[in-house]
Every structure is written in C-alpha cells, then in structure tokens.
Amino acid sequence: DTAVSQTPKYLVTQMGNDKSIKCEQNLGHDTMYWYKQDSKKFLKIMFSYNNKELIINETVPNRFSPKSPDKAHLNLHINSLELGDSAVYFCASSQYGTGRNSPLHFGNGTRLTVT
Amino acid sequence: GENVEQHPSTLSVQEGDSAVIKCTYSDSASNYFPWYKQELGKRPQLIIDIRSNVGEKKDQRIAVTLNKTAKHFSLHITETQPEDSAVYFCAARGNEKLTFGTGTRLTIIP
C-alpha cells in the first residue's frame, strides 16, 4: 500500500490552463507539504498544513492554492499555468509538524509540463 | 531563514571506495539533520538522520557526523556499490521547516 499517493503522475497542459494535483496519505500523519523540484533538482517547500491549518506559505505566486479538506488530504490547484511552472511537484507528510522533528515521507511526484 | 550549502555537486567514486558529502547550515537553532537519497525518476527517501544532541550516527555502510560548533554535517558511505548511485540531499530543520541542500549526484564506477 502506498503511504503517500499523488495523482496524476504526469500532467501535460498548455499555458493559461488551470490544473489540480491531488495527494492523500494513509500514515495518520498530522502534517502535509507540497515541494517543488525544478530541472536542477532543487527541492523547495511551497506549503505546509498541520491538521488542515496552513502553517507554512513560502513566496509562491498566488496562482497556487493549496486545499486541505482533512488531515489526510492536501490538494494543489494552479491557475493560469506558465512555462516556468514546469517541474516535478512532490507531496509529503510527517508525523509531527511544529516543534517536533520527524522525517518526511514523499509521494512519487507529479511531473508537470506546461507547453 | 535557514541556508544549507552542499558540496560537491557531483561525485564519482570507484566501486568499493568511500564517498563523503558535506553540508553547512546557517541557523544555529537548527536541531534536526536528515539525509535523503533520490534515485532517477523516483521520490526522495530518508536514509539516515541525526539530531543535535548526537555527534555521530551509523547504520551499516552509512554514517553521518555533526559538528554543531562549526555548523556542518557530513554523510559517509563506505564500500560503495552500484546501487548507491543517486542524488543525495542533506537538510536542516530550524523553526518550522526543513531546508534542503542543492543535492549531490553520486556515481559509482564499476
């Protein structure tokens, strides 16, 4: 059973479109994250939610909007897609968020290509 | 905020030799330092982590050392094997978030 699953695995779309990526974790973790990995492999945090509450919101264009309907799900919606949004987006979860250290468990990634 | 530097960016070693990857961090309040391995086309996976109250940790062929005074930590892989070829990321946690280094592409030469 996949602990952190995200869909779709691949997403090819045109500039200006709106798209969503879904993420679910079955680990019972409190905290979920979205990371972006660009072509140079840099891993950069975008958002973090703890028990459905937004706790980290990095300098990300407001075209990106995360939504957490419950603590097991964290979706990412992207409006008006641009070429520079092409990247691999990783969802992750950890048992604890604030104040306590626990490792991240990553999903398999969604490769977004904007043409 | 936290800044993590990682060196080298690429590393090639002969199979059976050792590999060392080094990271420095800027936030003296950081207290958790994991290492992740990412194989081609796969997700990053935790291979070892160390907390600030420990100077060294070992797990079979992998070890991590931490020098809090100098604010640097290192990953050591001994007796390297072809399956060790991957991109390795260090990370440091200060405040609320984990900041990753820029990655090291390790290639094991048979």
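Conventions adopted
- Residue numbers restart at each chain and count upward from 1, following the sequence in its written direction.
- Throughout, the order in which chains and ligands are written sets their labels, letters from A for the former and numbers from 1 for the latter.
- The predicted nature of this model means local features are confined to residues of pLDDT at least 70 and side-chain atom pairs, given and counted, to a pLDDT of 80 or more, with totals for whole chains, interfaces and linings taken over all residues.
- The side-chain figures draw on all heavy atoms in the structure; neither hydrogens nor water molecules are used.
- Working definition: helices are DSSP H or I runs of at least four residues, strands are E runs of at least two. Numbering for both runs from the N terminus.
- Burial here depends on accessible area, computed with a 1.4 Å probe over protein chains only, as a share of the maximum for the residue type. Under 20% is buried, over 50% is exposed, and the range in between is partly exposed.
- Neither His nor the chain termini are counted; the positive set is Lys and Arg, and the negative set is Asp and Glu.
- Each reported salt bridge corresponds to a side-chain nitrogen of Lys or Arg within 4 Å of a carboxyl oxygen of Asp or Glu.
- In the analysis that follows, any N or O atom pair within 3.5 Å is treated as a polar contact, provided that within protein one partner can donate a hydrogen and the other can accept it, and provided that, for residues neighboring in sequence, both atoms belong to side chains.
- When checking whether two residues touch, look at their non-hydrogen atoms; a contact exists if any pair is within 4.5 Å.
- When two parts are brought into contact, each loses some accessible area as probed by a 1.4 Å sphere; the total of that loss over both is the buried area.
- Put simply, buried Ala, Val, Leu, Ile, Met, Phe, Trp, Tyr and Cys residues joined by side-chain atoms within 4.5 Å make one nonpolar core.
- Strands pair, by our definition, only if DSSP identifies at least two bridges between them.
- To obtain an axis, a line is fitted to C-alpha atoms, over the contacting stretch when the element is a helix, and the angle between two such axes runs from 0 to 180 degrees between their N-to-C directions.

Quick look at the side chain of Asp 27 of chain B
Residues and elements named next belong to chain B. Summarising the element assignment, Asp 27 is placed in the loop between β3 (19–25) and β4 (32–38). It turns out Asp 27 is buried and unbridged, and the closest side chain with the opposite charge, Lys 71, is 7.2 Å from it. A distance of 2.9 Å separates a polar side-chain atom of Asp 27 from the backbone nitrogen of Ala 29. Dropping the residues within four chain positions of it, Asp 27 is found in contact with Glu 2, Lys 71, Gly 94 and Asn 95.

Remarks on the interface of chain B and chain A
Facing 17 residues of chain B, the contacting portion of chain A comprises 20 residues. When the two sides are added together, the surface that chain B and chain A hide from each other amounts to roughly 1,800 Å², 54% of it contributed by carbon and sulfur. Connecting chain B to chain A are one salt bridge. Note that Glu 58 of chain A is salt-bridged to Lys 97 of chain B, the shortest N-O span being 2.7 Å. In this structure, the connection of chain B to chain A is made through five residue pairs in polar contact (both at pLDDT 80 or more). Within the residue set of the side of chain B that touches chain A, elements represented by two or more residues are β4, β5 (45–51), β9 (86–94) and β10 (97–100) of chain B.

Side note on the nonpolar core
Ranked by internal contacts, the top residues of the largest apolar core, which has 23 residues, are Trp 35, Phe 73, Leu 75 and Leu 106 of chain B. Those elements giving two or more residues to this core turn out to be β2 (10–14), β3, β4, β5, β7 (62–67), β8 (72–77), β9 and β11 (104–109) of chain B. Met 32, Tyr 49, Leu 74 and Leu 112 of chain A belong to the second-largest nonpolar core, a separate cluster that totals 20 residues.

Here we look at the sheet that holds β8 of chain B
All names here are of chain B. Within the open sheet, the five strands sit side by side as β1-β3-β8-β7-β6. Their pairing is antiparallel. Each end of this open sheet is capped by a strand with a single partner; those strands are β1 (4–7) and β6 (56–59). Looking at each pair of strands side by side, their axes are set apart by 15° on average, direction ignored. Of the pairings in the sheet, the one linking β3 to β8 comprises six bridges and is antiparallel in character. For Thr 24, the partnering residue across the bridge sits in β8 and is His 72.

Here's the deal with the pairing of strand β9 (residues 87–94) of chain A
Successive side chains on a regular strand alternate, one facing one side of the sheet and the next facing the other. Residue and element names in this part refer to chain A. In terms of burial, β9 is a largely internal element, eight of the eight residues being buried. What you see with β9 is no split at all: Ala 87, Tyr 89, Cys 91 and Ser 93 on one side and Val 88, Phe 90, Ala 92 and Ser 94 on the other are buried throughout. Taken together, the seven bridges between strand β4 (residues 31–37) and β9 define a ladder with antiparallel strand orientation. Across the sheet, residue Met 32 finds its bridge partner in β9, namely Ser 93. Taken together, the two bridges between β9 and strand β10 (residues 105–106) define a ladder with antiparallel strand orientation. The residue of β10 that forms the bridge with Ser 93 is His 105.

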